[in-house]
Amino acid sequence: MKRLHMIGNAHLDPVWLWQWQEGFHEIKATFRSALDRMNEYPDFIFTSSSVAYYEWIEHNCPSMFEEIKQRAAEGRWVICGGWWIQPDCNLPNGESFVRQGLCGQRYLKEKFGVTANVGYNVDSFGHHAMLPQILKKSGLDYYVMMRPMDHEMDLPSRVFQWESDDGSQVLSYRIPIGYYSVQDNVGEQIELMSGELELPLHDRLMCFYGVGNHGGGPTKKNIESVMRLRQEQADTEILFSSPDRFFADLTDENEYPIIHAELQMHAIGCYSAHSAVKRWNRQAENLLMAAEKLSVIGGTLTEIPCAAPFGQAWKNVLFNQFHDILPGTSILPAFEDALDLYGEARTIASRAMNHAMQAVSWSVGIAQEEGMTPIVVFNPHAWRVSSYVELEFGHPGWVGDSLLKGTEVLVDSESNPIPFQEVQSLASTDFRSRLGFFAELPALGYRVYRLYKNPPEALAHIEKEKAPIRASDLMIENEWLKLEINAQTGAISRLFDKKSAVEVFEGDAAKAIVLEDLTDTWSHGIAKFAGDISGEFEAVSVKLIERGSVKSVIRAESRFGHSQLIQQFTMYADSEQIDVDVTVDWRERHRLLKLHFPVPYRSCIGTYEIPYGHIERPLNGNEVPALSWVDLTGEWGRDLYGLSILNDGKYSFDMGEGYVRMTVLRSPIYAHHEPVWHPKDYIPIPGREYDYMDQGAQSFRYSLLPHTGNWKSARTVKRAAELNMKPISLIGTYHEGILPHYLEFVNVDCEHVIVSVVKPAEDGDGLIIRCYETNKAEAKVTIDFPHLGRTIRTTFGPCEIRTFRIPADKSQPITETNLTELE
């Protein structure tokens, strides 16, 4: 007999067309309603995800929480999902997805004595290709999703094995029709599904019912209509059920199709709507991960504890990754609330990081020397980094004495001379200076530099400064590259790779193009932004603003209508990477801004970073999400040549044969919902005032990394990480200490295995080390922690994520655990 599992649920958006306070109340009301229906209908079963809601109820209505626990123990209140919230499933970084499961599953284990085994993201707008591994290693063997829907992506079956690049599989189900009821009688939903029950592999299906989005849950009429239809259907068994019971009901004899792909696309505008919330998210993620690492270093090397209240900080970030906040599809005040949560998270992380760095730097022995200023630079990455560092120094007591005079010498921990230059201070006074130099830093460690105003005799012979980089108002050139700027457009007219004799671009690059964009906030119903070109920015000023031995900078200011674009192109003496600092003052409506990069190489492959992995996609001009880097590599003569574009806060791109375009911003109306399949949705009224997105000034940085070979040989993954998680520097003082001037906390002997997380274990016993393989290749690796006296020797499969526990007791062995640290 065919079997239809009726899933009573309430899709609860805590934030969308309302703020979280309203969502909070609706969650309480919905949960109360579900509990009441259980008292009235003995067979009724209710399914609920999103662990954050349970914590709200626990703290705000303890008696209701106890009722929920009782019903959960009976099996009638079914907990699924296992994540803190139903997030957007493309935009968070890999570690955020891990923390969704870690925070969620550990809470469920503590409060309910169980963990979920069904992942549940029914309204997220797409699902990245590494999710099966993250789900599986978080204790979630099954997955329920809905978007992309049938008309957006063909799948061979409602039920399928979803597989990621490492080979992990989760048995998955795509919801037909919808995740909530549009009327009291669910008979129409059941009738629509009756045809599917006749299809191969479809004799068991789930039907989701109950009032949703703003909560509500199954009504009395919903439940009674199910009870009535159970009696009327002769050839179909209709059950009050839950997702875990549905998956348990599937026969092992069925061989479900394997889908080895990302599940995309639903709403392409979500990856560029509301630039600010996306950059806040990127900054918070990276700051938290860096703070955890440095706190472990501080706790290991000094007497301070390495634990910090990172749990609340992560919960704030995870909540803001909800699928109507991070994608930018909520009302304007919701983003003011989001900024508050990100601010608290960043404050917690910054405080913990400073606490650790101050403790470590104070433990470094630094002898007093006349006229010497010590600088301690920390590297938050688990590999050695060569990075440009800038810092301010000087105070009012140094009036007239702190500015660089040209006699100074900067040396590293081995007293090797380091080229440096003075750049414009952030302060407009006569007692603050700003210093820039390239630091060669140990892996997950620190290095002490010393700046001498009047160097001692032993250092007097050191050459004070290299010759400046060749530069003019329209050109900068170093050993590797020659960059030229178009005086009319402010774009790059030429970037020449001198070592490889390659013209990196074919025509003007970093060219700002304005397109008409009449779509709603989500950009429903389209696959690419193909609106008419409204125009291009035209330069009003192009000039050289910095020239020195370390770097030179050209500032290009251009305008379109009432909008202004400033791109500051920075070339370093000792780097093949161009950094571009962008400031946009945007005053357009229903338009979007893209930066266009045409390239001459052909037969290209387009690669995009996704959470804890990468993916290749067709070069068809479709708008797609990516994290901190994209790459286009193709044939140049007989060789491979490519361009990686790194960024610190943008997520939306398109590529075609011979070009890459980055979507900088869009300006739709806030929370304008007009999907093409729902013609009754809101159409803006002429003459009415609306709030438009991304009005005013915003800033971000992107980097151009041209390379021979592919992105793997260019170390693109690490270079993008270095852009987003920069070294941190402190001006030191003289004091005794037991720590050296150069310290390396970890050594990893495999280039394509990255140690992404070093943090205290959740149970307080030792440390957790998380690593992932980046190149889709097997790897044999040794990870040595000399200051812990611990070494991990292991092998990684392609694209594998692995988590290790290092117990505090050194007599106990290092073991592997899952992403939740529960196994």
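Further up the page is the structure itself.
On a predicted model such as this, the values are computed, not experimentally measured, just so you know.

Some words on the overall build of the protein chain
Then, in step 1: Secondary structure summary: the protein chain contains 12 helices and 45 strands in total.
Then, in step 2: Here the C-alpha radius of gyration of the protein chain, 28 Å, is about what a compact globule of 823 residues would show, namely 28 Å.
Then, in step 3: C-alpha atoms of the protein chain, sized along the principal axes, occupy 95 × 65 × 55 Å.
Then, in step 4: Counting every position in the protein chain, which comprises 823 residues, the buried fraction comes to 63%.
Then, in step 5: If you take every contact in the protein chain between residues at least 6 apart in sequence, the share linking residues at least 24 apart comes to 72%.
Then, in step 6: As presented, the protein chain carries roughly 30600 Å² of accessible surface, and 49% of it is formed by carbon and sulfur atoms.
Then, in step 7: The distance from the centre of the 78 positive side-chain charges to the centre of the 112 negative ones in the protein chain is 2 Å.

Description of the sheet that holds strand β7 (residues 169-174)
Paired through backbone hydrogen bonds, the strands of a sheet run either parallel or antiparallel to each other.
Then, in step 1: Spatial strand order, β4-β5-β7-β6-β10: five strands in an open sheet with mixed pairing. One side of each edge strand has no neighbouring strand; the edge strands of this open sheet are β4 (118-121) and β10 (258-259).
Then, in step 2: Looking at chain direction, β4 and strand β5 (residues 142-145) are connected through four bridges and run parallel. Note that in β5 the partner of G119 across the bridge is Y143.

Quick notes on the sheet that holds strand β44 (residues 801-806)
Then, in step 1: As summarised here, the arrangement of the four strands in space is β40-β41-β44-β45, forming an open sheet in which the pairing is antiparallel. In this open sheet, the two strands that pair with only one neighbour each are β40 (753-760) and β45 (815-817). Looking at each pair of strands side by side, their axes are set apart by 30 degrees on average, direction ignored.
Then, in step 2: For β44 and β45, the ladder comprises three bridges, and the chain directions are antiparallel. Paired with F804 across the bridge in β45 is E816.
Then, in step 3: Sheet strands touched by helix α9 (residues 275-301): β40 and β41 (767-773). Its angle to β40, the strand with the most contacts, is close to 70 degrees.

Structural notes on helix α3 (residues 62-74)
Then, in step 1: Under the 1.5 Å per step criterion, the end-to-end length of α3 is 19 Å for 13 residues, consistent within 8% with the ideal 18 Å.
Then, in step 2: Along α3, the residues classified as buried are M64, F65, I68 and R71. Relative to the axis of α3, the buried residues are bounded by an arc of 125 degrees and lie together on one face. Opposite the buried face of α3, by more than 90 degrees, sit the exposed residues S63, Q70 and A73.
Then, in step 3: Buried-residue contacts for α3 involve α1 (20-40), α2 (51-60), β3 (77-79) and α4 (94-112).
Then, in step 4: Directly after α3, the chain includes G75, whose backbone phi takes a positive value near 90 degrees.

Considering the pairing of strand β37 (residues 728-731)
Then, in step 1: The two faces of β37 differ: I728 and L730 on one face are buried, but S729 and I731 on the other face are not.
Then, in step 2: As paired strands, strand β11 (residues 372-378) and β37 are joined by four bridges and run antiparallel to one another. Directly across from V376, in β37, lies its bridge partner L730.

A word on the nonpolar core
Then, in step 1: If you look at the biggest cluster of nonpolar residues, it comprises 243 residues, and the most contacted ones within it are F31, W77, Y173, I492, F505 and Y702.
Then, in step 2: Residues in contact with Y173, not counting those within four places in the same chain, are Y143, V144, M145, R158, V159, M193, L205, M206, F208, F246 and F247.
Then, in step 3: Listed in part, the 14 residues of the second largest apolar core include I375, F420, L435 and A439.

Details of the packing of aromatic side chains
Then, in step 1: This structure, assessed with the given rule, holds 36 aromatic pairs.
Then, in step 2: Ring centres of Y612 and Y772 lie 4.7 Å apart, and the angle between their planes is 50 degrees; this geometry places the pair in the tilted category. Of this pair, Y612 sits in the loop between β29 (602-610) and β30 (613-617) while Y772 is found in strand β41, placing the two residues 160 residues apart along the sequence.
Then, in step 3: Among the residues examined, Y772 registers a relative accessible area of 11% and is labelled buried.
Then, in step 4: Taking 6.2 Å as the distance between ring centres and 70 degrees as the angle between the ring planes, the aromatic pair formed by F745 and F785 counts as edge-to-face. Taken together, the residues F745 in the loop between β38 (742-744) and β39 (747-748) and F785 in strand β42 (residues 779-785) connect sequence positions 40 residues apart.

Definitions and cut-offs
- Residues numbered from 1 in each chain as written.
- Predicted model: local features only at pLDDT ≥ 70, side-chain atom pairs only at ≥ 80, totals over all residues.
- Heavy atoms only, no water.
- Helix = DSSP H or I, 4+ residues; strand = E, 2+ residues; numbered from the N terminus.
- Rg over C-alpha atoms; globule rule 2.2 N^0.38 Å.
- Buried < 20%, exposed > 50% of the residue type's maximum accessible area, 1.4 Å probe, protein only.
- Contact = heavy atoms within 4.5 Å.
- Areas by Shrake-Rupley, 256 points an atom, 1.4 Å probe, with all protein chains shown as cover.
- Lys, Arg positive; Asp, Glu negative; His and termini not counted.
- Charge placed at Lys NZ, Arg CZ, Asp CG, Glu CD.
- Pairing = 2+ DSSP bridges.
- Axes fitted to C-alpha atoms, helices over the stretch in contact; angles between N-to-C directions.
- Expected span 1.5 Å × (residues − 1).
- Arc of directions from axis to C-beta.
- Core = buried A, V, L, I, M, F, W, Y, C linked by side-chain atoms within 4.5 Å.
- Phe/Tyr/Trp six-rings, centres within 6.5 Å; stacked < 30°, edge-to-face > 60°.

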